[in-house]
Amino acid sequence: MVNAKDSEIISSRSNEFFDNQWKIYQKVLNSNYMGHREIYDVLHKFLLSYFQKPFKILELGCGDASFTAQALLNTSVESYKGIDLSQAALEIGNSNMAAIKCSKTFIEGDFSELVPQLVKNQQDSFDAILISFALHHLLLKQKDYVIGNLSNLLINNGVLILIDFVHKQDENRETFIRRYLEAVQKNWSLLTPEEYSMVENHISQSDFPETQETLYSIAQKHNFNRVECLYCDSLDTTQLLCFYR
Ligand SMILES: C[S@@+](CC[C@H](N)C(=O)[O-])C[C@H]1O[C@@H](n2cnc3c(N)ncnc32)[C@H](O)[C@@H]1O
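Everything in this summary refers to the structure shown in the same document.

Conventions we followed
Residues numbered from 1 in each chain as written. Predicted model: local features only at pLDDT ≥ 70, side-chain atom pairs only at ≥ 80, totals over all residues. Pairing = 2+ DSSP bridges. Helix = DSSP H or I, 4+ residues; strand = E, 2+ residues; numbered from the N terminus. Right-handed = clockwise from strand over helix to strand, strands pointing away. Axes fitted to C-alpha atoms, helices over the stretch in contact; angles between N-to-C directions. Left-handed = near helix turned anticlockwise from the far one by under 90°. Contact = placed C-beta atoms within 7 Å. Nonpolar A, V, L, I, M, F, W, Y, C, P; charged D, E, K, R; others polar. Parallel < 35°, antiparallel > 145°, perpendicular 65-115°, else oblique. Buried ≥ 20, exposed ≤ 12 C-beta atoms within 10 Å, placed from the backbone. Arc of directions from axis to C-beta. Near = placed C-beta within 6 Å.

Examined bridge by bridge, strand β4 (residues 77-84) and strand β5 (residues 103-108) share six bridges and lie parallel to one another. From the neighbouring strand, Ile83 faces β5, where its bridge partner is Ile107. Handedness of the β4-helix α4 (residues 87-96)-β5 crossover: right-handed.

See the structure below:
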């Protein structure tokens, strides 16, 4: 565990994503290949308008929180808790979040295990929960389980913000992945052939997007009484969805 003045990093082990894919992901972010600039601009405006009073936010799969820090700038955030599998990413996240003046905690671990523990402990509740490009690694049943638990961590009028790949009604996982990879091959021109091959392997093996309809029906099942799509990219692959308690 590393303690800083107004932040804390709780950690225990190392991580495959950071070791193997981190450099490529930084290239993807810097080139805006996944649309982070537009998405997090929408998120920033939403946080400014939805939270007029101090709010507590939990982020799952926060990585180095670089875009989250930009989205939280000048908002009324009171506390931030970030969870990620990678201690190394959390260390960078701690410095990326330096400009955000609120209490901060970074916890290394698997959010599928840590979220049910937070619910069980009954010590934490949040006004907002953010999951950006991390839920799609779970299978449908696991997504349902995590979203059900997250519902119990939100206060009334709290919001679950999901940024993720979403496939169309008339396609399945395979056709979505083929379509996405065609766009990657065409547009992610700064990737070397070796890097493209790593991206292709990762997406083919680890990405399990759902349709917007499936995500909405999971949300409704777990007592989110309103859902809203605040962003959809021009290729119809990525969305920012809000589920309101
Ligand atoms: C594609 S990156 C997304 C990072 C950042 N949220 C963003 O939108 O750019 C996925 C991140 O989620 C983390 N992650 C994936 N599955 C996780 C899990 N089950 N528990 C905690 N972190 C997870 C990875 O370590 C990685 O940092």
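This part takes up the packing of helix α5 (residues 111-121) against helix α6 (residues 140-153). Relative orientation and spacing of two packed helices are given, respectively, by the angle between their axes and the distance between those axes. Relative orientation of the contacting elements α5 and α6 amounts to 30°, with a least axis distance of 9 Å. At the point where α5 passes α6, the crossing takes the left-handed sense. Counted together, Phe111, Ser112, Val115, Pro116, Leu118 and Val119 of α5 and Gln142, Val146, Asn149, Leu150, Asn152 and Leu153 of α6 form the full contact between these two elements. Residue composition of the contact of α5 with α6, by class: eight nonpolar, four polar and no charged.

Another aspect to go through is the packing of helix α7 (residues 173-187) against helix α8 (residues 193-206). At a closest axis distance of 11 Å, the pairing of α7 and α8 adopts a crossing angle of 165°. If you check the angle between α7 and α8, you find them roughly antiparallel. In the packing of α7 onto α8, the handedness of the crossing is right-handed. Residues Ile177, Tyr180, Leu181, Val184 and Gln185 of α7 form the contact with α8, whose participating residues are Tyr196, Val199, Glu200, Ile203 and Ser204. Taken together, the residues of the contact of α7 with α8 break down into seven nonpolar, two polar and one charged.

So, on to helix α9 (residues 212-221). Within α9, the full set of buried residues consists of Leu215, Ile218 and Ala219. The buried side chains of α9 occupy one side of the element, clustering within an arc of 100° when seen end-on. Opposite the packed face of α9, turned more than 90 degrees from it, sit the exposed residues Glu213 and Lys221. Residues of α9 that are buried in the fold lie against α6, β7 (154-167), β8 (210-211), β9 (226-232) and β10 (238-244). Count one or two residues on from α9 and you reach Asn223, which has phi positive near 70°.

In this section: the site of the ligand. The environment of the ligand is formed by 18 residues, the closest being Gly61, Gly63, Phe111, Ser132 and Ala134. Within the shell around the ligand, the residues separate by chemical class into nine nonpolar, seven polar and two charged.

Non-glycine residue Gln122 carries a positive phi angle of around 55°. Within the secondary structure, Gln122 is located in the loop between α5 and β6 (126-132). In this structure, Asn157 takes a positive phi of about 70° despite not being glycine. In this structure, Asn157 sits in strand β7. Judged by the 10 C-beta atoms lying within 10 Å of it, Asn157 falls in the exposed class.

By themselves, these figures tell us nothing about what the structure is for.
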